[in-house]
Amino acid sequence: MFSKILIANRGEIACRIMRTCDRLGVRTVAVFSDADAGAQHVAMAGEAVRIGPPAPAESYLRGDAIIEAALSTGAEAIHPGYGFLSENPDFVEAVEAAGLVFIGPSAKAIRAMGLKDAAKEVMEKAGVPVVPDYRGADQDAERLEEAAEVVGYPVLIKAVAGGGGKGMRLVERAEDFAEALEACRSEAAKAFGNDRVLVEKFIEQPRHIEVQVFGDGARAVHLYERDCSLQRRHQKVIEEAPAPGMTEEVREAMTGAAVRAAEAIGYAGAGTVEFIVDGSGPLRPDGFWFMEMNTRLQVEHPVTEAVTGVDLVEWQLRVASGEVMPDVPPLTGHAVEARLYAEDVPAGFLPATGRLDHLAFPDAIRADSGVRTGDEISPHYDPMIAKVIAHGETRAQALARLERGLSETQVVGTVTNLGFLRRLVRHEDFAAARLDTGLIDRHLETLAVENVPCSRSRSLAIVGAAMQGGMPDFAGFALWAPLERRIDLIWRDEEIEGRLAVLGRDRFEVRIEDARHEIERRQERWFVDGQQVPATVLMVDPWVTVLWGASYGFRIPDPLARGGAEAALGTVEAPMPGLVKAVYVEAGAEVAEGDRLAVLEAMKMEHVLKAGRAGRVAEVLAKAGDQVTAGAPLVRLEDEEQ
Ligand code: ADP
């Protein structure tokens, strides 16, 4: 076994590799860009080396800097993770030329699978079924269009160098071919520097099933299959193992083909052979075709680990360091993984950035993450927050555990796809294993809807906001209980105007427009209108997040911005906890809009509180020297004449 390795990656996969290294006693070296100086993978590593500015091309894709870091720290091997340099044969050669071990396949094996057309060629020779296509060298537009006619519509035009769902166009009718070809070529040229395409039969109602293989350079084995049919824009969203409806006969055919594929190229390490499968009926031994091979660890490898008990990273390290390949254990139970992203689903799955003010996962579930509370979701990299993985004896149990795990996942500070994932896990077609790659798109309208918080969730948030504002001192609060206090919150772009009155210890009445609810907090539980509810209220300044059926993030408006509205109401409140330095008015005084009423010292600054409107002072509720909580009323004006 190695004594020290360098991990040429970041985020969750870097952390996941380090966890195995720690368990095996292998020391670790991290590399990082300037954007990641404080990242979790850096904190976890034994040593860390800066390799450049945030842009991947200047850091995580800089093979030379990474090899230099490995040499200078005395690492013996480099684990590439997935993405970045993991499937770059030139990098593999450079690593080996530097006298280091690349934890993965040979440059030759990666090259054999690097381009989709060449890969299909190799597979066909190895007796693996491939999707019917045209993959000729003649890339003339007319020739390609003729080929599409022969292959038969609908067809997919695929960039041979494509990956990650990019550089692909579905064409249903001949008249659309020329335009789609043009679009695909220009996208491919830009993204991959190679505009060669192949024209492939589009398999209708397809499922995506892939086989996890493992090789030692001569012999290969398989660790069963994964079903990754739940996709959006050709990208995986939820993955599971085993594939629903898999029979022994079909498994033998598919895994046999995958092992042949791996052995045909002398594969070493973990790899995945992806098949497109006819999903229009039960699985058939003649109903699957090779699509491509990923010559690295996949994002979704944990579901295979969950059903086999194998640590695939450990296998990678063992085989790369020259140990013999371990035996494959039997498959037990069922596992599902969901990819949690910082993205705005109702806005069209827009990637989101921001600070994770709070992040927590339930203990009962595996969550592979590369970020912690306080970390930023950087715009430079993939906005994945975590992978949440559940295992059960049956598929139904695994799904139920995943749904529960997602419901107890707490993310504050950024929007996420949590609600979308939960709806997907509960979707009746998915639950019944009626899968195909079009499932998400067909049901997008119901899956991507926004959960709108009801007045009960909003009322909980109002109470949460009051507590956040330093109100645990309810005894003091109760002194002026008859006064209704106004608390504003913002949910997405909507302003919520709440009115809160204290009824007793930890008991409140909240009014929001026409709704009125009694909220009580008793022994860490929430009660709404006398009923205990399964809600969690997280108070992480400036957010109040209510987890109840969904995750609703309410923002507390900037306390200083709040003054205006409060003042207009007629009561000037302390915008934050602080010390009253001065009060300039007395009861009965006439004030004009903008007159100074009081000064509050808070957060090492003095805040002048002004009248939001003209009027007569009805009451002065604080005096210089008073320590007040946020929201404490300081000066009340007489009601305006109607
Ligand atoms: P990439 O390399 O970009 O990941 P793949 O070739 O692996 O591209 O295909 C990605 C996804 O596109 C597949 O999982 C599948 O959903 C869909 N797809 C690819 N080829 C076909 C095909 N011939 N027919 C139908 N769907 C396909």
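Residues numbered from 1 in each chain as written. Predicted model: local features only at pLDDT ≥ 70, side-chain atom pairs only at ≥ 80, totals over all residues. Heavy atoms only, no water.

1. Quick look at the domain arrangement of the protein
Interface size is commonly expressed as the accessible surface area that is lost when the partners come together.
1) Next: According to the domain assignment, the protein contains domain 1 (4-103), domain 2 (132-201), domain 3 (206-447), domain 4 (455-555) and domain 5 (571-637).
2) Next: Residue-level contacts link four residues of domain 2 with four residues of domain 3.
3) Next: Both faces considered, domain 2 and domain 3 share a buried interface measuring about 360 Å² in area, 54% of it formed by carbon and sulfur atoms.
4) Next: At the boundary of domain 2 and domain 3, one finds zero salt bridges.
5) Next: Summed over the shared surface of domain 2 and domain 3, the result is zero residue pairs in polar contact (both at pLDDT 80 or more).
6) Next: A breakdown of the residues in the side of domain 2 that touches domain 3 according to their chemical character gives one nonpolar, two polar and one charged. (Domains from an automatic or database assignment. Contact = heavy atoms within 4.5 Å. Buried area = accessible area lost by both parts, 1.4 Å probe. Salt bridge = Lys/Arg side-chain N within 4 Å of Asp/Glu carboxyl O. Polar contact = N/O pair within 3.5 Å; in protein donor to acceptor, adjacent residues only side chain to side chain. Nonpolar A, V, L, I, M, F, W, Y, C, P; charged D, E, K, R; others polar.)

2. Observations regarding the pairing of strand 26 (residues 507-512)
1) Next: By the alternation rule, side chains of strand 26 split into Phe508, Val510 and Ile512, which are all buried, and Arg507, Glu509 and Arg511, of which none is buried.
2) Next: As paired elements, strand 25 (residues 494-504) and strand 26 share six bridges and run antiparallel to each other. When the sheet's bridge partners are listed, leucine 500 is paired in strand 26 with valine 510.
3) Next: Joining the antiparallel neighbours strand 25 and strand 26 is a turn of two residues, in which aspartate 506 adopts a positive phi near 55°. (Buried < 20%, exposed > 50% of the residue type's maximum accessible area, 1.4 Å probe, protein only. Helix = DSSP H or I, 4+ residues; strand = E, 2+ residues; numbered from the N terminus. Pairing = 2+ DSSP bridges.)

3. Some points on the packing of helix 4 (residues 89-97) against helix 5 (residues 107-114)
1) Next: Closest axis-to-axis distance for the helix 4/helix 5 pair is 8 Å, and the angle between their directions is 175°. As summarised for this structure, helix 4 and helix 5 are arranged roughly antiparallel, according to the angle between their axes. Note on element contacts: helix 5 touches helix 4 through Ala107, Ile110 and Arg111, opposite Pro89, Asp90, Val92 and Glu93.
2) Next: Looking at the contact of helix 4 with helix 5, its residues break down into four nonpolar, no polar and three charged. (Axes fitted to C-alpha atoms, helices over the stretch in contact; angles between N-to-C directions. Parallel < 35°, antiparallel > 145°, perpendicular 65-115°, else oblique.)

4. A few points about the packing of helix 5 against helix 6 (residues 116-125)
1) Next: Where helix 5 meets helix 6, the closest approach of the two axes is 6 Å, and the angle between their N-to-C directions is 105°. Here helix 6 runs roughly perpendicular to helix 5, going by the angle between their axes. Contacts from Ala112, Met113 and Gly114 in helix 5 reach Lys116, Ala118, Ala119, Val122 and Met123 in helix 6.
2) Next: Looking at side-chain class alone, the contact of helix 5 with helix 6 contains six nonpolar, one polar and one charged residues.

5. As for the sheet that holds strand 13 (residues 268-278)
1) Next: An order of 14-13-10-11-12-15-22-20 is seen for the eight strands of this open sheet, with the pairing classed as antiparallel. The strands lining the two open edges of the sheet, one partner per strand, are strand 14 (288-294) and strand 20 (366-369). In this sheet, adjacent strand axes meet at a mean angle of 25° when their direction is disregarded.
2) Next: The pairing of strand 11 (residues 220-232) with strand 12 (residues 235-241) spans four bridges and is classified as antiparallel.

6. Here we look at the packing of aromatic side chains
When we look at a pair of aromatic rings, we describe it by the centre distance and by the angle of the planes.
1) Next: Applying the stated criterion across every chain yields a total of six aromatic pairs.
2) Next: Here the aromatic rings of phenylalanine 91 and phenylalanine 102 are separated by 6.2 Å at their centres, their planes lie at 85°, and the arrangement is edge-to-face. A residue pair is termed long-range when its members are at least 10 positions apart, and phenylalanine 91 in helix 4 and phenylalanine 102 in strand 5 (residues 101-102) qualify at eleven residues. For the pair phenylalanine 91 and phenylalanine 102, a shared accessibility class is recorded, and that class is buried.
3) Next: Through a chain of ring-to-ring contacts, the aromatic side chains of Tyr60, Phe84 and Tyr381 assemble into a single cluster.
4) Next: One Lys or Arg, arginine 522, reaches over the ring of phenylalanine 527 and ends 4.1 Å from the middle of that ring. (Phe/Tyr/Trp six-rings, centres within 6.5 Å; stacked < 30°, edge-to-face > 60°. Lys NZ or Arg CZ within 6 Å of the ring centre and 35° of its normal.)

7. Structural notes on the sheet that holds strand 32 (residues 550-555)
1) Next: Pairing within the open sheet is antiparallel, and its nine strands lie in the order 29-28-27-26-25-24-32-31-30. Looking at the sheet topology across the chains shown, the edges are occupied by strand 29 (531-533) and strand 30 (536-540). Strand-to-strand twist in this sheet, taken as the mean axis angle between neighbours without regard to direction, amounts to 35°.
2) Next: Those strands touched by helix 17 (residues 455-468) are strand 24 (485-491), strand 25, strand 26, strand 27 (515-522), strand 28 (525-528), strand 30, strand 31 (543-548) and strand 32, and its axis lies near 140° from that of strand 31.

8. A word on the pattern of salt bridges
1) Next: Within the structure shown, the criterion is met by 62 salt bridges.
2) Next: Arginine 111 serves as the salt-bridge partner of glutamate 93, at 3.0 Å between the closest nitrogen and oxygen. On the criterion of sequence distance, the pair formed by glutamate 93 in helix 4 and arginine 111 in helix 5 is long-range, its members being 18 residues apart.
3) Next: Exposure remark for glutamate 93: the relative accessible area of 38% places this residue in the partly exposed category.
4) Next: In this structure, glutamate 121 engages arginine 135 in a salt bridge whose closest nitrogen and oxygen atoms are separated by 3.0 Å. Here the residue glutamate 121 occupies a position in helix 6, and arginine 135 occupies one in the loop between strand 6 (133-134) and helix 7 (141-151), the gap between them amounting to 14 residues.
5) Next: Using a relative accessible area of 35% as the deciding quantity, one classes glutamate 121 as partly exposed.

9. Some points on the site of the ligand
1) Next: Close to the ligand lie 23 residues; Lys116, Gly165, His208, Gln231 and Glu292 are nearest.
2) Next: The side chain of histidine 208 places a nitrogen or oxygen atom 2.7 Å from an oxygen atom of the ligand.
3) Next: Between the ligand and the protein, one listed contact pairs an oxygen atom with a side-chain N or O atom of glutamate 292 at 2.8 Å.
4) Next: Relative to its unbound accessible area of 550 Å², the ligand is 96% covered by the protein chains.
5) Next: Mapped by element, the contributors of at least two residues to the shell around the ligand are strand 7 (155-159), strand 9 (197-201), strand 10 (206-216), strand 13 and strand 14.
6) Next: Composition of the shell around the ligand by domain shows at least three residues from each of domain 2 (132-201) and domain 3 (206-447). (Near = heavy atom within 4 Å. Areas by Shrake-Rupley, 256 points an atom, 1.4 Å probe, with all protein chains shown as cover.)

10. Considerations on the side chain of threonine 416
1) Next: Within the secondary structure, threonine 416 sits in the loop between strand 23 (410-412) and helix 13 (418-426).
2) Next: Using a relative accessible area of 18% as the deciding quantity, one classes threonine 416 as buried.
3) Next: Polar side-chain contacts of threonine 416 include one of 3.1 Å to the backbone nitrogen of leucine 418.
4) Next: In this view, threonine 416 contacts Leu340, Tyr341, Ala342, Glu343, Val345, Ile385 and Val411; residues no more than four positions away in its chain are not counted.

11. So, the nonpolar core
1) Next: Judged by nonpolar contacts, the single largest core of 35 residues is most densely connected at Ile238, Ile385, Phe420 and Leu424.
2) Next: Of all the secondary structure elements, the ones that give two or more residues to this core are strand 12, strand 15 (334-341), strand 22 (384-392), helix 12 (395-407), helix 13 and helix 15 (439-442).
3) Next: Considering each element in turn, this core owes the most residues, five residues, to helix 13.
4) Next: With near-sequence residues (within four places) excluded, phenylalanine 420 lies in contact with Val237, Val345, Phe349, Ile440, Leu447 and Ala448.
5) Next: Of all hydrophobic cores here, the second largest spans 30 residues; its members include Ala119, Val213, Ala257 and Leu283. (Core = buried A, V, L, I, M, F, W, Y, C linked by side-chain atoms within 4.5 Å.)

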